Amino acid sequence: MELLFVLFVLMAVVYGIVKDYNPQAVLALAGMSLFTLAYWLGLHPILPADKSTGFALFDLFEVFKGIFSYRAAGLGLTIMAVAGFATYMSHIGASQALVRVAVKPVAGIQSSYLMLAICYLVAVFVSLFVTSATGLGLLLMVTMYPVMRNLGISPASACGVIATSQAFEIGPTQTNAIFSAGQSGMDPTSYFVDYQIWLVAPMLLVTMVLHFFWQRHCDRKDGWDPAQHRGDHAELDEQGTDEVKAPTWYALLPIIPFVLMMTFSKLLVADIKMSVEVAMLLSVFIGMLCELLRSRSVRTSFAGLSSFLDGMGKVFGPVVALIVCAELFAESLKAIGAIDTLLHSASNAGIGSGLMTLVMVGLIMVAAVIMGSGNAAFLSFSTLAPAVAAKFGVPAVTMLLPMQLASSIGRSISPIAAVLIACAGIAKVSPFVVVKRTSVPMAGALLTALALNYLLFM
C-alpha cells in the first residue's frame, strides 16, 4: 500500500512542477506526507527516540528545522555568498567591464561563422566569472551581439550562441556545481579540477564545432547570406540592458575569487585553505577599496555592501529553501523505503549504474525543460543521487556530474528559460527559433558528457 501512496505523491509532485506551483511548497508537503505515512505504518520514526519532542507533529517540523539549520549554515551560506558577490560585481560595473574586455579581441575577425564559434568560446570563458545565465546573456546581447550582427551573422544564430554561454555551469563558483560537489563529498575546487573540466573541455569543442555547422545550415535553410548583411547594425530593444560604466581595469575584479580558490588549493598552495565564502567576502572588500579609490567617497564605497547583502537575500528563497525542501523530500523517500525498493527492483532487472545514471539524467533534463530552470530541476532531484550511487557501489560524483551538466543543458533548450526569453526579446526573434538553434549543439554536448563520464569515471 505504501508504494501506491508513494507513486501518488510522486505524480502529485510532477503535476505541481509542470503546473508551475511553488516547487518549495510542493516538495515540502510531499516530504511531510511521506514521513507521516512511514510513521503511521511503523516503518520509520520521524525522529529517533533520543531526539523526539514527544509529539509526532512537532517531530515532523523538527526534522524540517534540522535540515534548514544544517543547510543554511553550510551550503546555503556558500551559495548566498556567491550570489551576493555576483550582484555586487554587477552593481559596481565590474561584470560589464569584464564582458567588454573579453569581447574586444574578437572584433577583428572577418569570417562570419569563425567569429561565431570564437564568440562562443569567449562567452563560456566569461561564464566562469559571471555566474547568472540571464545576467550574462543580457551583457553579451549589448556587447557581443552587435559585433556578430555587424559581420552579417543572423539574429537567430547570434542568440543561439549567447543563450548557450552558461550551458555547462563550470567552475567552483556556480550554484549547481557547488551543490553537486557537496553532495559528492568534496570541495568545489576539487570537483572542478578532478572531474568537471575533463568532461567540459571536450564538450566545449564539440559544441563550438556544432554551432559553426548547425547555425550555418539553419541560415542557409532560411535563405540568410552573411555576405549580404555585413555592416548591419543591431536594432536592440534596450529594455533591461542598461550598463553601469566602470574603468576597464575593473574587469579584473570578478576574476579574483576564482584565482584565489585555484591558488590556495592542492594545485598550488596546499598548506593554506581558501573556502568559497572567504574568497567571496575578501573579493567584495577589495571591490569596496577600489570603489573608494574611484569615487573618493567613503559613503559610496560603504553603500555598495548593501547590494552584496541584497544579492544574498534574493537567492535564499529560490535556491537555499529549494535545497532544504528537496532534501526533506529525499529523506522521506528513504524513510518509507521507496529508494531501497527501487534499487532492489533495478538490481533484479539487471539495471546497472550506467543505465540508472541515464534515467537520472533524463529526469533532470525533462524537469529543466519544463521548469525553464537548471537550478530548480537539479536541486529538486539531485538529493536522491548519493543514495542511489551508494547502492550501486559507485562514487556519487559519477551520477551527479552528468546530472549537473544536464540541468543547465536542459535549460538551454527550454523556450520558457529566462535567458532564452531575454535574448530572444532583445533580438526580436521567437524563443522557439532560438531553441531550434540551441538544440543540436546541446544534444551533442550531452552525448559527449555521457560518453566521457562512462569511459572515465564509471
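Going along each chain's sequence as written, the residues are numbered from 1 onward. Per-residue local features are limited, in this predicted model, to residues with pLDDT of at least 70; the limit for side-chain atom pairs, both in listing and counting, is 80 or more; totals at the level of whole chains, interfaces and linings are taken over all residues. Note that the side-chain values use all heavy atoms of the structure and ignore hydrogens as well as water.

K.L.:
Can you lay out the pattern of salt bridges for me, pointing to particular residues and giving the numbers?
P.N.:
In a structure, side chains of opposite charge can pair up when their charged atoms sit close to one another. The salt bridge definition used is simple: a Lys or Arg side-chain nitrogen within 4 Å of an Asp or Glu carboxyl oxygen. One pass over the full model with this rule turns up 8 salt bridges. Arg437 is the salt-bridge partner of Asp222, the closest N and O atoms lying 3.2 Å from each other. Residue Asp222 is located in the loop between α10 (188-221) and α11 (256-263), and its partner Arg437 is located in helix α21 (residues 431-457); the two are separated by 215 residues in the primary sequence. Between buried and exposed lies partly exposed: a residue is buried under 20% and exposed over 50% of the maximum accessible area for its type, with that area taken using a 1.4 Å probe on protein chains only. Owing to a relative accessible area of 51%, Asp222 belongs among the exposed residues under this scheme. The structure contains a network of salt bridges with shared partners spanning Asp219, Asp222 and Arg437. A helix here means a DSSP run of H or I that spans at least four residues, while a strand means a run of E at least two residues long, and both kinds are numbered starting from the N terminus.

K.L.:
A description of the packing of aromatic side chains should follow, citing residues and the corresponding values.
P.N.:
Two aromatic rings from Phe, Tyr or Trp, using only the six-membered ring of Trp, form a pair when their centres are within 6.5 Å; if the ring planes differ by under 30 degrees the pair is stacked, by over 60 it is edge-to-face, and anything between is tilted. Enumeration over the complete set of coordinates arrives at 12 aromatic pairs. Consider the rings of Phe55 and Phe58, whose centres lie 4.8 Å apart with planes at 85°: the pair is edge-to-face. Geometrically, the ring pair formed by Tyr113 and Phe212 is edge-to-face, given 6.3 Å between the ring centres and 70° between the ring planes. Note that Tyr113 is positioned in helix α6 (residues 112-127) and Phe212 in helix α10, a separation of 99 residues in sequence. With relative accessibility at 9%, the residue Tyr113 sits in the buried group. Aromatic rings pair up to connect Phe125, Phe129, Phe192 and Phe258 into one cluster.

K.L.:
So what's going on with the packing of helix α4 (residues 75-91) against helix α12 (residues 276-295)? Residues and values would help.
P.N.:
Pairs of packed helices are described in terms of their axes, by the angle between the two and the distance that separates them. Lines are fitted to the C-alpha atoms to define the axes, a helix being fitted only along its stretch in contact, and any angle between axes, read from their N-to-C directions, falls within 0 to 180 degrees. Where α4 meets α12, the axes come as close as 9 Å, and the angle between the chain directions of the two elements is 20°. As judged from the angle between their axes, α4 and α12 are roughly parallel. The two elements α4 and α12 cross, and the hand of that crossing is left-handed. Counted together, Leu77, Thr78, Ala81, Val82, Phe85 and Tyr88 of α4 and Val276, Glu277, Met280, Ser283, Val284, Gly287, Met288 and Glu291 of α12 form the full contact between these two elements. When residues are grouped by polarity, Ala, Val, Leu, Ile, Met, Phe, Trp, Tyr, Cys and Pro land in nonpolar, Asp, Glu, Lys and Arg in charged, and all others, Gly among them, in polar. Grouping the amino acids of the contact of α4 with α12 by side-chain chemistry returns 9 nonpolar, 3 polar and 2 charged. What sets the label is the angle itself: under 35 degrees gives roughly parallel, over 145 gives roughly antiparallel, 65 to 115 gives roughly perpendicular, and the rest give oblique. Two helices crossing with the near one rotated counterclockwise from the far one by less than a right angle form a left-handed crossing, whereas a clockwise rotation gives a right-handed crossing. By definition in these notes, contact holds between two residues if any of their heavy atoms fall within 4.5 Å.

K.L.:
Run through the environment of Val388, naming residues and quoting values.
P.N.:
Considering the arrangement of structural elements, one finds Val388 in helix α18 (residues 385-392). Owing to a relative accessible area of 3%, Val388 belongs among the buried residues under this scheme. Val388 sits 227 residues away from Val161 along the chain, and the two C-alpha atoms are 35 Å apart. In contact with Val388, not counting residues within four places along its chain, are Leu343, Met356 and Met399.

K.L.:
Account for a nonpolar patch on the surface, naming residues and giving values.
P.N.:
Exposure above 30% relative accessible area and the absence of a salt bridge qualify a residue for a patch, where like charges join within 9 Å and nonpolar side chains (Val, Leu, Ile, Met, Phe, Trp, Tyr) within 5 Å. Note on areas: Shrake-Rupley with a 1.4 Å probe; residue coverage comes only from the protein chains shown. The grouping of Ile197, Trp198, Tyr454, Leu455, Leu456 and Met458 at the surface amounts to a nonpolar patch, some 650 Å² of accessible area in total. It is α21 that provides the largest number of residues to the nonpolar patch, a total of 3 residues. For Trp198, the location among the structural elements is in helix α10. Classification of Trp198 by relative accessible area gives exposed; the value is 51%.

K.L.:
With reference to specific residues and values, describe the environment of Ala427.
P.N.:
Residue placement: Ala427 occurs in helix α20 (residues 418-427). With a relative accessible area of 9%, Ala427 lands in the buried category. With 269 residues separating them along the chain, Ala427 and Ala158 place their C-alpha atoms 9.0 Å apart. Setting aside residues no more than four positions away along its own chain, Ala427 makes contact with Met141, Tyr145, Pro155 and Cys159.

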